[in-house]
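Topology and contacts: notes
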Amino acid sequence: GHVIIRRLFVGINASDINYTSGRYHSSKSAAAAALPYDAGFESVGVVVAAAPDAGNCIGSAAATMDAGFSEYALVQNRRVLPVPCPAPEVVALLTSGLTASIALSEVGRLQIPGFSSTTAMPHQRQEQQGGQKTVLVTAAAGGTGQFAVQLAKLAGCHVVATCGGAQKARLLRELGVDRVIDYK
């Protein structure tokens, strides 16, 4: 089934800029061949109409991760992410939050309390021999980096983070980073 979502909030991040400038295509001609396309990788809104078999109720909050820059969108129900409320803070969880979560759980093999992973070992230990895991987060003051820092701390890790500038370093210390490397 399908639903129609009225978008209330959208995010614009590096992926949107790279996609719309053609950087995700192999050539300028490949980018031109993909036109027209619906831009926008993340949005939050409200279901305003639903097919009888859609499973989503009219009025329920929903997030999507494609074609987010249109005010209304017809979306396959399987591509709708139910969310607790249609708030702007939810938008940040989509691309930046999911990227950090997937990187830490799938690549870093961290078990983050409250999160589940399809491939993480159920009894995996967070500690290495001789102590806790150390996680390095580069560009840690950016959107994805801030999520990565907080999730790694939630998982009980020692976090080392890089950034450029005193204000960003201060923010990272406030987020609980154990060692900040300010490269400026």
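Everything quoted here is computed from the prediction, not taken from an experiment. (Residues numbered from 1 in each chain as written. Predicted model: local features only at pLDDT ≥ 70, side-chain atom pairs only at ≥ 80, totals over all residues. Heavy atoms only, no water.)

1. As for the pattern of salt bridges
Where charged atoms from two side chains of opposite charge approach closely, those side chains can pair. How we decide: We define a salt bridge as a side-chain nitrogen of Lys or Arg found within 4 Å of a carboxyl oxygen belonging to Asp or Glu. For the purposes of this entry, the term helix denotes a DSSP run of H or I that reaches at least four residues, the term strand denotes a run of E that reaches at least two, and both are numbered from the N terminus. Think of it in three bands: with a 1.4 Å probe and only protein chains considered, a residue is buried below 20% of the maximum accessible area for its type, exposed above 50%, and partly exposed in between.
For the structure on display, the rule yields four salt bridges. A salt bridge links Arg79 to Asp66, with the shortest nitrogen-to-oxygen separation between them at 3.1 Å. With a gap of 13 residues between them, Arg79 in the loop between β4 (72–76) and β5 (81–82) and Asp66 in the loop between β3 (61–64) and β4 connect regions that are remote in the sequence. By relative accessible area, Arg79 is classed as partly exposed at 41%. Residue Asp66 is classed as partly exposed on the basis of its relative accessible area of 24%. For the salt bridge of Asp178 with Lys153, the shortest nitrogen-to-oxygen distance reads 2.8 Å. One end of the pair, Asp178, is in the loop between α5 (166–174) and β10 (179–182); the other, Lys153, is in helix α4 (residues 143–154), with 25 residues separating them in the sequence. Note on Lys153: relative accessible area 28%, which makes it partly exposed.

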